[in-house]
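What the coordinates show
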Amino acid sequence: MKEDIKKAILQAPKAVHKDGKLKLVIFDCDGVLVESEHVVGEVLGKEARKYGWNITGLEARELFSGVQLVDIEKEIEKHVTTPLPLHWRQHAHNQIVEAMCNDIHPMDGVETILQTLKDFDIPYRIGSNSSQEEMVIKFKTSKLTHWFEDHRTHSGCDVERPKPFPDLYLYAAEQEKVNPEDCIVVEDSDTGLKAAYDAGMVCILLRDLKKPAPDYRGLIRVETLNEASEFIKEVVQSQKK
């Protein structure tokens, strides 16, 4: 285990301590389980340009990663020259869902980490700001449906406050009947990272180490799901000794 990760563990909640017990792993969806953010970025970039905000799909992807449509709408409205129509959110949602039927892929290492959790009998859930409809399509298109049971996927649409508030992750832990400090969250966005941190959970941030990240105590940084899988293996094995 890398030295920086060992140091982070000392500052992290007890789910990753030798004298703790990991009881639940919660995954974000986009950018963690499936590669779909490019699709969302292209749709939202096109929509923004249509109403006068000249941003690219890549810029939209960076800006809106992990953000719900209601907040995306507010941000676009700050920059456009033509007001968004009354039912823009539903229109954008429909455009995203249609695009996702063709161009969604599983993230490298996703089946490895899910199998690792099954092998160690560690339950897992999904906590995403995406709608349930979007998640169904993403998992179907990426051929991952068999890994996820409907009652274990949780949407930001189903709680009063989606990410960056902690409600979604706290709800997932409540459904599993475990304490927040016994959970690991796997995230890729600052929005989700804040939600996990405020929920009192360990967060594994899946991101290129050359890219900046918020300076949260106990943050575990990895670049791939395979690294995350190896980290979880080491944690669980250390807790069995």
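Residues numbered from 1 in each chain as written. Predicted model: local features only at pLDDT ≥ 70, side-chain atom pairs only at ≥ 80, totals over all residues. Heavy atoms only, no water.

Per the secondary structure count, the chain includes 10 helices and 8 strands. Overall, the C-alpha framework of the chain stretches about 60 × 35 × 30 Å when taken along its three principal axes. Split into buried and exposed, the 241 residues of the chain put 52% on the buried side. A separation of at least 24 residues holds for 67% of the contacts in the chain among residues at least 6 apart in sequence. In the form shown here, the chain has an accessible surface area of approximately 12100 Å², with 50% of it arising from carbon and sulfur atoms. Where the 32 positive side-chain charges of the chain centre and where its 42 negative ones centre are 4 Å apart. (Helix = DSSP H or I, 4+ residues; strand = E, 2+ residues; numbered from the N terminus. Buried < 20%, exposed > 50% of the residue type's maximum accessible area, 1.4 Å probe, protein only. Contact = heavy atoms within 4.5 Å. Areas by Shrake-Rupley, 256 points an atom, 1.4 Å probe, with all protein chains shown as cover. Lys, Arg positive; Asp, Glu negative; His and termini not counted. Charge placed at Lys NZ, Arg CZ, Asp CG, Glu CD.)

Taking strand neighbours across the sheet as the criterion, the 6 strands line up as β5-β4-β1-β6-β7-β8 in an open arrangement whose pairing is parallel. Since the sheet does not close on itself, it has two edges, and those belong to β5 (153-155) and β8 (220-222), each with one partner. Shown here is a sheet whose adjacent strand axes are inclined to one another by a mean of 20°, direction ignored. Note: strand β1 (residues 24-27) against strand β6 (residues 183-187), 4 bridges, orientation parallel. Paired with Ile-26 across the strands is Val-185, a residue of β6. The sheet contacts of helix α7 (residues 132-141) involve β4 (124-128) and β5, and relative to β5 the element is tilted by about 135°. Where helix α10 (residues 225-240) meets the sheet, it contacts β1, β6, β7 (202-206) and β8, and its direction lies at approximately 150° from that of β7. (Pairing = 2+ DSSP bridges. Axes fitted to C-alpha atoms, helices over the stretch in contact; angles between N-to-C directions.)

Taken as a whole and judged by the stated rule, the model has 5 aromatic pairs. Ring pairing ties together the aromatic residues Phe-27, Tyr-124, Phe-139 and Phe-148, which thus form one cluster. (Phe/Tyr/Trp six-rings, centres within 6.5 Å; stacked < 30°, edge-to-face > 60°.)

Turning next to the pattern of salt bridges. Counted by the stated rule, this structure contains 16 salt bridges. Here Lys-50 and Glu-47 are joined by a salt bridge, their closest N and O atoms 3.1 Å apart. Residue Lys-50 and its partner Glu-47 are both found in helix α2 (residues 37-50); the two are separated by 3 residues, about one turn of the helix. Taking the relative accessible area as the measure of exposure, Lys-50 reaches 47% and is therefore partly exposed. Measuring nitrogen to oxygen at the nearest pair gives 3.4 Å for the salt bridge that ties Lys-233 to Glu-230. Of the two residues, Lys-233 and Glu-230 both sit in helix α10, 3 residues apart, roughly one turn of that helix. Classification of Glu-230 by relative accessible area gives partly exposed; the value is 41%. (Salt bridge = Lys/Arg side-chain N within 4 Å of Asp/Glu carboxyl O.)

Lys-163 connects to Pro-164 through a cis peptide bond whose omega is 20°. By the element assignment, Pro-164 lies in the loop between β5 and α8 (167-176). We note that Lys-177 has phi near 65°; this positive angle belongs to a residue other than glycine. Note on placement: Lys-177 falls in the loop between α8 and β6. A relative accessible area of 75% places Lys-177 in the exposed class.

The subject of this paragraph is the environment of Leu-193. Following the sequence through the fold, Leu-193 ends up in helix α9 (residues 190-198). C-alpha of Leu-193 to C-alpha of Phe-64: the two residues are 129 residues apart in sequence and 14 Å apart in space. If we ignore the near neighbours within four places in the chain, the residues touching Leu-193 are Glu-187, Cys-203, Leu-205, Pro-214, Tyr-216 and Leu-219.

In this section: the pairing of β7. Across the 5 residues of β7, 5 count as buried, placing the element largely inside the fold. In β7, alternate side chains face the same way, and those of Val-202, Ile-204 and Leu-206 on one face and Cys-203 and Leu-205 on the other are all buried. Where β6 and β7 come together, 4 bridges link them in parallel fashion. Bridge pairing in β7 links Val-185 to Cys-203. Inspection of the sheet shows β7 paired to β8 by 3 bridges, in the parallel sense. What sits directly across from Ile-204, in β8, is Ile-220.

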